[in-house]
Amino acid sequence: MLTSFAPRRMPAEVDLTLLWSGLILLLIGMVMVYSASIAIAEAGRFTGNHPTYYLLRHGVFLVIGLVAAGCAFQIPMSAWQRMAPWLFVVGFVLLGLVLVPGVGRDVNGARRWLSLGFVNLQPSELMKLFVVIYAADYTVRKMPYMHDLKKAFLPMAIAMVAVGILLLKEPDFGAFVVIISVSIGILFLGGMRARLFAILIVVLVVAFAVLIIVSPYRRDRIFGFMDPWSDAFGRGYQLSHALIAFGRGELLGVGLGASVEKLFYLPEAHTDFLLAVIAEELGFAGVVAVVVLFSLVIQRAFVIGRQAVALDRLYSALVAQGVGIWIGVQGFINMGVNMGLLPTKGLTLPLMSFGGSGILANCVSLAILLRVDWENRQLMRGAKL
């Protein structure tokens, strides 16, 4: 009898699966960034030979990202929609500033950063988020014309080509691929004709092939990807050592902190090739765990988007699913590169790799996703009452 008077458990205010999956990825990323960066931090002059240099910086970035996420969660989706065109313009201007001599910072032959003194800002990471927000707003506004190539697609195509020109001048081909994938994916989800979408995919494949053919360093990456062992000390160096790391990890790994490849063999071990270090230290089991967590984040993004559609909240739905496309495409490319399934590309692993701008953009995107879910729940709760 007493149990019948027990208070009912209140439903969660947000999607706990999404929340915990994202937080666990952030925490695993912090641990693995520390493990992957100890050697280079101890040997680097600009790091002060301090082994925790990257850990401390990553921790600061993570705190900033979580604070920004908390603030972003407080902003209604209607406000994000109003700000969408302005955020896109801000992102475009920042991409332009990167290319201005004396303003943009050049690292390893690429000009992708703006120096803010104690930290570098990478506008292309923020632009990924801004494109999700803008493309969703654009699609909603153009919904009555989604069947019309001239009215619906061409204006967005012109905007993306302009962004692409700036990104290719940096150069940042990886960010360009992600941004194009996000914008086209959102247009397709918004009602673009399947025939037009198929033609567009063919055009994009041809365009990417041309970009690779006319660029010597991109051609070298393709050849290095096809047979990394033919030039293991040259164009196949990164991939060959990533594959060695995967091979050494076997089922359960060599143990946390025990990686050999991170000891100056595997370049960018704490950024682009973090998954290879995870594979070596935590083995196949660790890689599967990471893949499962990313799958949960992406799956929840699309579920939240479908819930928003059912509630007639199209903009919120497209933003949620756009975030899912972004994390899915970038995560897939990074994992594919690490495993030797795709040519080497300078893309980090979302939520995990070292990098302040990436962590900031990823945390804010998850907060916006949680905001969409929270607003969905408020509407459903109101409907029940």
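Scroll up to find the structure.
Residues numbered from 1 in each chain as written. Predicted model: local features only at pLDDT ≥ 70, side-chain atom pairs only at ≥ 80, totals over all residues. Heavy atoms only, no water.

Enquirer: How should the overall build of the protein be read in this particular structure?
Expert: The secondary structure content of the protein amounts to twelve helices and three strands. By the burial criterion, 49% of the 385 residues in the protein qualify as buried. Considering only contacts in the protein between residues 6 or more positions apart, those separated by 24 or more positions represent 70%. For the protein, the exposed surface amounts to about 18,000 Å²; the carbon and sulfur share of it is 70%. (Helix = DSSP H or I, 4+ residues; strand = E, 2+ residues; numbered from the N terminus. Buried < 20%, exposed > 50% of the residue type's maximum accessible area, 1.4 Å probe, protein only. Contact = heavy atoms within 4.5 Å. Areas by Shrake-Rupley, 256 points an atom, 1.4 Å probe, with all protein chains shown as cover.)

Enquirer: Please clarify how the packing of aromatic side chains should be interpreted in this entry.
Expert: For any pair of aromatic rings, geometry is given as the distance between the ring centres together with the angle between the planes. Inspection of every chain in the model, using the stated rule, returns seven aromatic pairs. Ring geometry for Tyr54 versus Phe354: centroids 5.2 Å apart, planes at 85°, classification edge-to-face. One end of the pair, Tyr54, is in helix H2 (residues 53-73); the other, Phe354, is in the loop between helix H11 (314-339) and helix H12 (356-384), with 300 residues separating them in the sequence. (Phe/Tyr/Trp six-rings, centres within 6.5 Å; stacked < 30°, edge-to-face > 60°.)

Enquirer: I would appreciate a short explanation of the nonpolar core in the present structure.
Expert: Nonpolar side chains tend toward joint burial in soluble globular proteins. Counting residues in hydrophobic clusters, the biggest one holds 108 residues, and the most contacted among them are Phe294 and Met352. The leading source of residues in this core is helix H10 (residues 274-310), at 14 residues. Other than its neighbours up to four places away in sequence, Phe294 contacts Leu25, Ile327, Met335, Leu349, Pro350, Leu351 and Met352. (Core = buried A, V, L, I, M, F, W, Y, C linked by side-chain atoms within 4.5 Å.)

Enquirer: Before we go on, may I ask you to explain the pattern of salt bridges in this structure?
Expert: Working definition: two side chains of opposite charge can pair if their charged atoms are close together. All told, the structure shown has nine salt bridges when counted by the stated rule. One salt bridge connects Arg381 with Glu13, and the closest N-O pair in it is separated by 2.9 Å. Taken as a pair, Arg381 in helix H12 and Glu13 in the segment before helix H1 (16-43) lie far apart in primary sequence, 368 residues in all. Of the residues examined, Arg381 reaches a relative accessible area of 26% and is grouped as partly exposed. Classification of Glu13 as partly exposed rests on a relative accessible area of 37%. A salt bridge links Lys128 to Glu125; the shortest N-O distance between them is 3.2 Å. Residue Lys128 and its partner Glu125 are both found in helix H4 (residues 123-141); the two are separated by three residues, about one turn of the helix. (Salt bridge = Lys/Arg side-chain N within 4 Å of Asp/Glu carboxyl O.)

Enquirer: I'm lost on the environment of Glu170 in this one. Help?
Expert: With respect to the helices and strands, Glu170 occurs in the loop between helix H5 (149-169) and helix H6 (173-189). In this structure Glu170 comes out as buried when scored by relative accessible area, which is 2%. C-alpha of Glu170 to C-alpha of Arg377: the two residues are 207 residues apart in sequence and 42 Å apart in space.

Enquirer: How should the side chain of Asp272 be read in this particular structure?
Expert: Within the secondary structure, Asp272 is located in the loop between helix H9 (237-249) and H10. Summary of buried charges: Asp272 has no salt-bridge partner, and the nearest side chain of opposite charge, Arg112, is 6.4 Å away. Not counting chain neighbours up to four residues away, the residues in contact with Asp272 comprise Asn334, Asn338, Lys345, Gly346, Leu347 and Thr348. (Lys, Arg positive; Asp, Glu negative; His and termini not counted.)

Enquirer: Even after reading the chapter, I still don't get the pairing of strand E2 (residues 110-115), so can you show me in this structure?
Expert: Across a regular strand the side chains alternate sides, sitting on one face of the sheet and then on the other. With four bridges connecting them, strand E1 (residues 104-107) and E2 associate as antiparallel partners. Directly across from Arg105, in E2, lies its bridge partner Trp113. Count of turn residues in the E2/strand E3 (residues 120-121) antiparallel hairpin: four residues, of which Gly117 carries a positive phi of about 90°. (Pairing = 2+ DSSP bridges.)

Enquirer: Explain the packing of H4 against H11 to me, please; I cannot follow it from the model alone.
Expert: Between H4 and H11, whose axes approach to 9 Å, the crossing angle comes to 145°. As H4 runs across H11, the sense of the crossing is right-handed. In contact with Glu125, Lys128, Leu129, Val132, Ile133, Ala136, Asp137, Thr139 and Val140 of H4, H11 contributes Leu314, Tyr315, Leu318, Val319, Gly322, Val323, Trp326 and Gln330. Of the residues that constitute the contact of H4 with H11, the class distribution is eleven nonpolar, three polar and three charged. (Axes fitted to C-alpha atoms, helices over the stretch in contact; angles between N-to-C directions. Left-handed = near helix turned anticlockwise from the far one by under 90°. Nonpolar A, V, L, I, M, F, W, Y, C, P; charged D, E, K, R; others polar.)

Enquirer: When you look at H6 in this model, what are you seeing that I'm missing?
Expert: Each α-helix winds once per 3.6 residues, and so residues spaced three or four apart point in a common direction. The terminal C-alpha atoms of H6, which comprises 17 residues, lie 24 Å apart, in line with the 24 Å expected from a rise of 1.5 Å per residue. When you tally the buried positions in H6, you get 14 out of 17 residues, the bulk of the element. Positioned one or two residues after H6, Gly191 has a phi angle of 120°, which is positive. (Expected span 1.5 Å × (residues − 1).)

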